[in-house]
Amino acid sequence: MEDLLKVDEEIYALVRQEEIRQTSKIRLIASENYVSTAVLEATGSVLTNKYSEGYPGKRYYEGQQIIDQVETIAIARAKTLFGAEHANVQPYSGSPANLAVYLAFLNCGDTILGMALPHGGHLTHGSPVSISGRYFNAQSYQLDPATGLLDYEAIAEKARSCRPKIIIAGHSAYPRILDFARFREIADEVGALLMVDMAHFAGLVAGGAHPSPVPYADVVTTTTHKSLRGPRGAMILCREKYAQAIDKAVFPGVQGGPHDNTTAAIAVALKEASTQEFRQYARQIVNNAAALAENLMARGYRLITNGTENHLMLVDVTNKGISGKKAARILDAAGIVLNCNAIPFDTRKPYDPSGIRLGTAAVTTRGFKEPEMLEVGRLLDEVISDPENEATHARIAAEVRDLCSAFPAPGLEHVV
């Protein structure tokens, strides 16, 4: 980054600090990952200089000979990898992708039914603080208070009573596999479209470590980062009969020209995700999550749903005498990065909830396996068990740095 150093020493220094942070800490943020050097290079390529409103072969600006090929490749790879009839690779991120689906099929005030945010859903699934909750009649389903699991008969009953136009299956903090076939049955019964937001588990689907929603859903949205290990972008997969509505909703519906450098990086990530190495990676994510979950439960932590079947887990730290926010802060100081998170039926405020959320995609990219996950569980427990002891936190941070040094992060091998 010699040129950046010459032009802007301040930003250069901050980027270097972030490189060190990402290298020297254990990153358990469920929505984060490390991309390959190839994805980084595509993201930072000269394609960032282009403006390409429209779609391949139908652009509003000239000079699209190369860009059309790039986007066509990305589309083809997305369709092949996920077995989709149509793919749109232009959404800037997951939230605009979800908004585009609503624009394609709904009018203001129409009813949608999604998982409640405090129970593991996403802001864009109908939260009242989101445009999805303000512009539509957003109804929600919750987890069973006795089991912490989805109650599909209760979801069906809710759908029968509110008659939504779209049912949303998907989550940002639910550690179990969704029953896509049952969601399909519920949608068919009430005449709703089924939308699956697989942003968190798309990489697991691509790698064959998680069931695919594509055969069941009318529309599937996903980010391209998280477990898919691509750039910060998004895609919409859908049945061919909805292709025109989706494409018009993305452009010109909710956004202008696509970020062509991101499109290229998505194409690269999709190629990587089609390899046997990626399939092994996806399976290891799940194995690592299971190992960490079992370790934490053995140490007395209460996990929502008593475990996990995907890449994430939600931990109630109430019985450890600490709030989720404080746990996240002291763990960060000790080199373990995760986020505080509300748990179902949480009695605390969202900014300082009772739980923490952990994910294993990023550490698995670094090469962590089950033995390392047991070490992570030990380190995490030592910090939470001694919350006021800064000396303990500093000692753990040193141990974390030593552990991380044995597992170089892709794209950051130059950081020492």
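Along each chain, residues carry numbers from 1 onward, in the same order as the chain's sequence is written. In keeping with the predicted nature of the model, local features appear solely for residues at pLDDT of at least 70, side-chain atom pairs appear and are counted solely at 80 or more, and the whole-chain, interface and lining totals rest on all residues. Side-chain metrics in this entry use all non-hydrogen atoms of the structure; hydrogen atoms and water are not considered.

## Regarding the domain arrangement of the chain
The extent of an interface is frequently quoted as the accessible surface area lost upon association of the parts. On domain assignment, one finds that the chain holds domain 1 (40-274) and domain 2 (284-406). For each domain, the first and last residues come from an automatic or database assignment. Computed over C-alpha atoms only, the centres of domain 1 and domain 2 are separated by 28 Å. Counting residues at the interface gives 23 residues for domain 1 and 21 residues for domain 2. Considering only the side of domain 1, the residues that lose the most area to domain 2 are Pro 175, Arg 176 and Leu 204, jointly responsible for 34% of the buried surface there. Here, residues are in contact when the closest pair of their heavy atoms is within 4.5 Å. Here the quantity called buried area is the accessible surface, traced with a 1.4 Å probe, that two parts lose on coming together, added over both.

## Focus on the layout of surface pockets
In this structure, the second largest pocket occupies an estimated 300 Å³ of space. Around the second largest pocket, the lining comprises 15 residues; the ones closest to its centre are Gly 54, Tyr 55, Lys 58, Asp 247 and Lys 248. For the lining of the second largest pocket, the secondary-structure elements that each account for two or more residues are β2 (54-55), α4 (65-82), β4 (86-88) and α10 (243-254). What counts as a helix is a DSSP run of H or I of at least four residues, what counts as a strand is a run of E of at least two, and both are numbered from the N terminus. It is α10 that contributes the most residues to the lining of the second largest pocket, five residues altogether. Basically, the charged four are Asp, Glu, Lys and Arg, the nonpolar ten are Ala, Val, Leu, Ile, Met, Phe, Trp, Tyr, Cys and Pro, and anything else, Gly included, counts as polar. Split into classes, the residues belonging to the lining of the second largest pocket amount to seven nonpolar, four polar and four charged. Site definitions follow a grid-based scheme: protein atoms alone, a 1 Å grid, a 1.4 Å probe that fits but cannot get out for cavities, and for pockets an open set with protein on both sides within 12 Å along at least five of seven lines, plus lining residues having an atom within 4 Å of a point. Grid points are joined across faces, edges and corners, and a volume is the space filled by probe spheres set on the points.

## Some details on the pattern of salt bridges
For this analysis, a salt bridge means a side-chain nitrogen from Lys or Arg found within 4 Å of a carboxyl oxygen belonging to Asp or Glu. Summed over all chains, the structure comprises 25 salt bridges. A salt bridge links Arg 184 to Asp 218; its shortest N-O distance comes to 3.1 Å. Highlighted residues: Arg 184 in helix α8 (residues 180-190) and Asp 218 in the loop between α9 (202-206) and β9 (219-223), separated in sequence by 34 residues. Taking the relative accessible area as the measure of exposure, Asp 218 reaches 3% and is therefore buried. In this structure, Lys 326 and Glu 388 form a salt bridge, with 2.2 Å as the shortest nitrogen-oxygen distance. Three labels apply to residues, based on accessible area from a 1.4 Å probe with only protein chains included: buried if under 20% of the type maximum, exposed if over 50%, partly exposed otherwise in between.

## Some thoughts on helix α13 (residues 324-333)
Within α13, burial applies to Gly 324, Lys 325, Ala 327, Ala 328, Ile 330 and Leu 331. Among the structural elements, β13 (336-337), β14 (339-341), β15 (355-359), α15 (370-385) and α16 (390-405) are those in contact with the buried residues of α13. Of the residues one or two after α13, Gly 335 is the one with positive phi, at around 90°.

## Some words on the UniProt feature "domain: Serine hydroxymethyltransferase-like" (unreviewed entry) in the chain
UniProt positions are given in the numbering used here, feature names are shortened, and annotations may be inferred rather than shown by experiment. The UniProt entry lists residues 6-378 under the feature "domain: Serine hydroxymethyltransferase-like" (unreviewed entry), expressed in the numbering used here. The annotated region residues 6-378 carries 43% helix and 15% strand content, and the separation between its end C-alpha atoms amounts to 44 Å.

## Structural notes on the sheet that holds β15
Strands are treated as partners if at least two bridges between them are detected by DSSP. Taken together, the four strands give an open sheet; going across it, the order is β11-β12-β15-β14, and neighbouring strands pair in antiparallel fashion. Of all the strands in the sheet, the pair left with one neighbour each is β11 (302-303) and β14. Bridge analysis of strand β12 (residues 312-316) against β15 gives five bridges, and the strand direction is antiparallel. Directly across from Leu 314, in β15, lies its bridge partner Arg 357.

## Let's talk about the side chain of Glu 71
Here Glu 71 lies in helix α4. Throughout this description, a polar contact denotes any pair of N or O atoms lying within 3.5 Å of each other; where both atoms belong to protein, one of them has to be capable of donating a hydrogen while the other can accept it, and for residues adjacent in sequence the pair is counted only when both atoms sit in side chains. Here Arg 59 takes part through its side chain, which lies 2.9 Å from a polar atom of the side chain of Glu 71. At 2.9 Å, the side chain of Glu 71 forms a polar contact with the side chain of Gln 90. For Glu 71, the contacting residues outside a window of four places in its chain are Tyr 55, Pro 56, Arg 59, Val 89, Gln 90, Pro 258 and Thr 263.

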